[in-house]
Structures are given as C-alpha cells and as structure tokens.
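# Remarks on the overall topology
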Amino acid sequence: MDFSVAFSAAREALPYMLGGVVWTVGLIVGAMLLGLLLGVPLAVIQVYGPWPARRLVGVHVWVFRGVPILVQMYIFYFGLLSWLSQLPLFAGLGLDSPFVAAVLVLGLTSSAYQSQIFRGAIQSLHAGQLKAARALGMTDRAAIRSIILPQALRLAIPAWSNEYSILLKDSALAFSIGVVEIMARMRSVASATHEPVSMTFLAGIIFFALTWVGVKALSLLERKVRIAGYTRQGAA
Amino acid sequence: MSMTNVSVPVLEGRSLGKTLGGNRVLDGVSVSLPKGCVKVLIGPSGAGKSTLLQCLNFLMPPDSGSIWLAGREVNGKSRRELCSLRQQVGMIFQDFNLFDHLSALENVRVALMKVKGLSRLDAGERALAELARVGLGDKAALYPANLSGGQKQRVAIARALAMDPKVMLLDEPTSALDPELIGEVLAVIRDLAQNGMTMIVATHQISFSASLADEFLFMDKGRVVEQGSPAELLGRGSASRTQAFCAKISELTGETEAECRV
Ligand SMILES: Nc1ncnc2c1ncn2[C@@H]1O[C@H](COP(=O)(O)OP(=O)(O)OP(=O)(O)O)[C@@H](O)[C@H]1O
Ligand SMILES: [Mg+2]
C-alpha cells in the first residue's frame, strides 16, 4: 500500500467527510436532548410514581433497550413514519425523512438508558432531604424540581458522558436508512476512490475526535457545577 | 368562633395509631401542645418517638386518630391543608437533612421562595436574619459539606424558623453530634423555649430537658406509659420508669445521678 497515495486521497476526501459531521452532531444532539427530556420524567415516575405508571415506564425501558437500533430504524423509517406522513394530519412535516427517523430512534433508546441513569442518581440521594422539603410545606413537585433534580442531574453527568460516547457510535447506524452522516460518506468515498482502508481510518479519527470533544466538554461542565465539598459519597 | 382561645392547644394528636410492617408502632397515643409549652419525649429505641413526631405533621399519615391544629382537625388528604399545616409545624431531624447542593443561606431561603412566594431578595434578607439568630450570620455562603454537625443543625433550625412555625417538633436534635458540639445546639433550643416557642422534643439529653420541660412523656412500645412534670417523674424518691430509664442513660452518657434528679 502506497502511503502517499492513501494520504492524499484522505486529504481530498476530508471536506466531504467533515460535511457528515454536521449530520452526526445533529443526530446526537437531537438524540441526547430527546433522551434527556424524556429520561428525566421517566426516572421521576419510576422512583415516585404510582405503580401503573411505573410499570409503563418499565415496559418502555425494556422495549427500547431490547430491540436492536438497526431494527428500530427500519421499523420507524419504512414502517411507522412513512405511514404517519401519509396521514393528512402529519403531511408536510417531513416525518418521512431518514434524519427524523434516526433522531427518534436514537433519542427514544437513549431515553430508556438515561432514565436508568437518573433513577440511580435520584435513589442515591439521602431520602431525608425530600422529607425535610415536605416538612417545610413544599409540594412534592416543587421538592423534586428544586431539591432532588438539581442534585441528581449533577451526579448523573459522568454516566451521561458515557451515554454520549455510546450514542455517538450508535449514530453511525443511521447510514443504513440513508442519513448522509460520516459513516455513509465514508462508504461512498471508499468505493469511489478504491481507498477503503484510508477512508475507514479517517472516519475513525473523526469519530474519535467527536468523542474526545464531547467527553471533555461534559467533564468541564461537571467541574463547573460542582459544589464545594460535595461528592457522591457525601450524597449517599 | 375564636381560634385564639388560650385553652385550645396549638397542636394536638388524638389516639394516634400506626402500623408499620406488621408492627403496632403507635398504639393510641394522644399528645397535646398548649401554647408556649415544652414537652419532652423519651423512651427506649423503637418506642415510636420518631413515628409519633412524623405523624403530627403527616410526614407519615397515621392509620387512625386525628390531628388538630389550633382547634381544627387537619385532613391529611388535602394538599393545601397539608402544606399549610407543615408551614406552621417546624420539624428538626436527627441527621439535619440539609439540602446538600444549597449554601446555608439558600437552604433557609428556598422554602421562603417556593412555599411562601417571597421574592429572592426578601427571602434572602429573612434567611440571613434567621442565620444570624442561630449565630451563623458569617457562615451563610458555606455549603453543608463544609459545616460542622452543630452548625448544620443550627442551619436546619434557622430553616424551620424562617417559616414562622407556631410549634416545633424536634427529633433527637443532638443525637448525631459529637459531644463538644451538643452545647451550641442546646443553647439555641433553650433560647427558643425561653422565647415562648411551643415544642415537643424527643431527646436523650435528660438534665437539659429536665431544666426546660413542662412535661415528660415516657413512651414504650407505641404507648405513652408515663406522663408528668420533671419534678414528679424524676424527683427524689420517685420510682417511675422514667427515673429508671434516665438513670440508665445518664450512666451511659456520663451524667451523674444527681444531675439527673431535679
Ligand atoms: N418502615 C417501617 N417498616 C417497619 N417497621 C418500621 C418502619 N419504620 C419504623 N419501624 C419500626 O417502628 C418502631 C418505632 O420506630 P421509631 O423510629 O418511631 O422509634 P424511636 O422511638 O424513634 O426510636 P429511636 O430512639 O431509635 O429513634 C421500631 O420498632 C421500628 O423498627
Ligand atoms: Mg427515632
């Protein structure tokens, strides 16, 4: 293998490959946020909710953890969403786009995992704090919002950054339904240039860089919201 | 009908019953707290003291019996009534239960904002005044992790006082403290009592409570088995169970028999 050829091919392909970063970042930001927005209330329900609601959340978690992401993407893209987008109510909303399907699948799956992260964080808090909040006359809703969640979310950041790196890798599966993210572009450049090894390598480097940036940013966030003298041990 | 009648207790529990895990933890306990009185709850571990205190503000709803606040029965099911009851009944816990992510000031301020609806500024001002009252005006910015046990408990007291409670329930407020830190918390409690706060305290600090209490309630197995003034129960020649119990814990804590007698 001629390294200089491989290298110049990779350099030529770089701008096109980096164009995929926009889609990959869009996928994970969308999915992380959807997962957060759903995961937090799901966790609260699982800890404090009545049993029928807890049971429903349990089913949600099992389904989205249990069904492979690729299978979900096919079901959502070729099945559910293409059917929904034909209904007059949803027409013209772009529900039949592969990007929407991929964000939904990644976000819903992440919500299942994130809910378990937040549930663990909530349960690691000393129950006395909720008691004290109630004893002051706070409603459960206010206590959860201003006492429980601010602590649980802080405690969840390390696990959250783990979830980010997993999601980043899962996002590569979106190429299978036609999102032109990094992986999809890697495959098309590889076959056009007959340089599969260098293109694969390049894609790997880009994914690694994205992981590094995200994990670093989250550990900065963790440090920024840290409370004096407060550790996980202190909270348990 | 006037609710300010002095003969109406500030807070009253009537024939409270509670079963937990098949245990009859409270077996028909009645307790009445007239305005300005200090009652002390003693008894062996597992007697039901914490359960009784938590039933009084519905942190644990009693299975039977009723709670009366200023002569009106409190229905434990209405959220609004619960909220108003709990604002009027301050509670202090053995292990402080400060909010770990909030500074001392924020600990006191948060319920003023969320429950009483005060502005951040007004709440902060009030919180600072309460912290100063318990001698912690200069510790307002510190987080619980950086406070000593005695300071934490005083923050917890300031937090409860900020809600303008009419009565305070204190559940072993000094039991989690190192011996050298107990005094500063007892001083605050004594101060409260002398300023006329109505309260009921579960404690093992016998000589301290004997000097403060209007009445001792001795609990065992979910019942109040003896009840009377410290002089009656602990006085010379008394053969009460309270006296025997106090002598035993005084021995353990190093208080002398004489200190225990009043
Ligand atoms: N959730 C529960 N399930 C079953 N039993 C319980 C529960 N909570 C408390 N108990 C039991 O109720 C009894 C009374 O408990 P409580 O905490 O009121 O006692 P206490 O007088 O405060 O004791 P201590 O001096 O140790 O604080 C104990 O026997 C305890 O084991
Ligand atoms: Mg107790």
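Note: the structure precedes this text.
Described below are features of the structure shown in this document.

Cut-off values and rules
- Residues numbered from 1 in each chain as written.
- Chains lettered and ligands numbered in written order.
- Predicted model: local features only at pLDDT ≥ 70, side-chain atom pairs only at ≥ 80, totals over all residues.
- Heavy atoms only, no water.
- Buried < 20%, exposed > 50% of the residue type's maximum accessible area, 1.4 Å probe, protein only.
- Helix = DSSP H or I, 4+ residues; strand = E, 2+ residues; numbered from the N terminus.
- Pairing = 2+ DSSP bridges.
- Axes fitted to C-alpha atoms, helices over the stretch in contact; angles between N-to-C directions.
- Parallel < 35°, antiparallel > 145°, perpendicular 65-115°, else oblique.
- Left-handed = near helix turned anticlockwise from the far one by under 90°.
- Contact = heavy atoms within 4.5 Å.
- Nonpolar A, V, L, I, M, F, W, Y, C, P; charged D, E, K, R; others polar.
- Near = heavy atom within 4 Å.
- Polar contact = N/O pair within 3.5 Å; in protein donor to acceptor, adjacent residues only side chain to side chain.
- Areas by Shrake-Rupley, 256 points an atom, 1.4 Å probe, with all protein chains shown as cover.
- Buried area = accessible area lost by both parts, 1.4 Å probe.
- Salt bridge = Lys/Arg side-chain N within 4 Å of Asp/Glu carboxyl O.
- Phe/Tyr/Trp six-rings, centres within 6.5 Å; stacked < 30°, edge-to-face > 60°.
- Patch = residues over 30% accessible without salt bridge, like charges linked within 9 Å, V, L, I, M, F, W, Y side chains within 5 Å.

Bringing the pairing of strand 6 (residues 89-92) of chain B into the picture now. Regular strands place side chains that alternate from one sheet face to the opposite one. Residue and element names in this part refer to chain B. Burial along strand 6 is two-sided: Val 89 and Met 91 facing one way and Gly 90 and Ile 92 facing the other are all buried. In this structure, strand 6 lies alongside strand 7 (residues 167-171), joined through 4 bridges in parallel fashion. Note on strand 7: the bridge partner recorded for Met 91 is Leu 169.

This part takes up the packing of helix 3 (residues 104-114) of chain B against helix 5 (residues 149-161) of chain B. Residue and element names in this part refer to chain B. Orientation of helix 3 relative to helix 5, taken along the N-to-C sense of each, is 25°, at an axis distance of 8 Å. By the criterion of interaxial angle, the relationship of helix 3 to helix 5 is roughly parallel. Viewed along their axes, helix 3 and helix 5 form a crossing whose handedness is right-handed. Touching Ala 104, Asn 107 and Val 108 of helix 3 are Val 155, Ala 158 and Arg 159, all from helix 5. Residue classes in the contact of helix 3 with helix 5 are distributed as 4 nonpolar, 1 polar and 1 charged.

A separate point is the site of ligand 1. Residues and elements named next belong to chain B. Contacts to ligand 1 come from Leu 20, Gly 21, Val 25, Pro 44, Ser 45, Gly 46, Ala 47, Gly 48, Lys 49, Ser 50, Thr 51 and Glu 172. Between ligand 1 and Gly 48, the relevant distance is 2.9 Å, taken from an oxygen atom to a main-chain nitrogen or oxygen of the residue. Its free accessible area being 640 Å², ligand 1 has 60% of it covered by the protein chains.

Each side of the interface is counted separately: chain A has 23 residues, and chain B has 27 residues. The largest share of the area that chain A buries against chain B comes from A:Lys131, A:Ala135 and A:Leu136, three residues that together contribute 29% of it. Linking chain A with chain B are 0 salt bridges, by the criterion used here. For the interface between chain A and chain B, the tally reads 6 residue pairs in polar contact (both at pLDDT 80 or more). Of all the elements in the fold, those that place two or more residues in the side of chain A that touches chain B are helix 5 (128-135), helix 6 (140-170) and helix 9 (232-235) of chain A.

All names here are of chain A. Enumeration according to the criterion identifies 3 aromatic pairs over all chains in this entry. Centroid distance Tyr 77 to Phe 78: 4.8 Å. Interplanar angle 65°. Geometry classified as edge-to-face. Each residue in the set Tyr 74, Tyr 77 and Phe 78 is aromatic and connected to the rest through ring pairs, giving one cluster.

Residue and element names in this part refer to chain B. Strands sit in the order 6-7-8-3-9-10 across an open sheet of 6 strands; the sheet is mixed. Edge positions in the open sheet fall to strand 6 and strand 10 (223-228), since each of these has one partner strand only. Averaged over neighbouring strand pairs, the angle between their axes works out to 20° when direction is ignored. Pairing analysis gives 4 bridges linking strand 3 (residues 38-42) to strand 8 (residues 198-202), with the strands arranged parallel. Looking across to strand 8, one finds that Lys 39 is bridged to Ile 200. Relative to strand 7, helix 1 (residues 49-56) is tilted by about 150°, and along the sheet it contacts strand 3, strand 6, strand 7, strand 8 and strand 9 (215-220).

A word on helix 1 of chain B. Because an α-helix completes one turn every 3.6 residues, residues spaced three or four positions apart along the sequence face the same direction. Residues and elements named next belong to chain B. With 7 of its 8 residues buried, helix 1 lies for the most part within the structure. Lys 49, Thr 51, Leu 52, Leu 53, Gln 54, Cys 55 and Leu 56 are the residues of helix 1 that are buried. After helix 1 finishes, the residue Phe 58 shows a positive phi value of roughly 65°.

Turning next to the pattern of salt bridges. All names here are of chain B. On inspection of all chains with the given rule, the structure shows 12 salt bridges over all chains. The partner of Glu 12 in a salt bridge is Arg 14, and the shortest N-O contact between them spans 3.2 Å. Under the relative-accessibility criterion, Glu 12 is labelled buried at 17%. Given a relative accessible area of 34%, Arg 14 falls into the partly exposed group. Between Asp 220 and Lys 221 there is a salt bridge; the shortest N-O distance is 3.9 Å. A relative accessible area of 64% places Lys 221 in the exposed class.

This part takes up a nonpolar patch on the surface. A surface patch of nonpolar side chains, about 260 Å² in accessible area, is lined by A:Val22, A:Trp23 and A:Val180. Position of A:Val180 among the secondary structure elements: in the loop between helix 6 and helix 7 (182-193).

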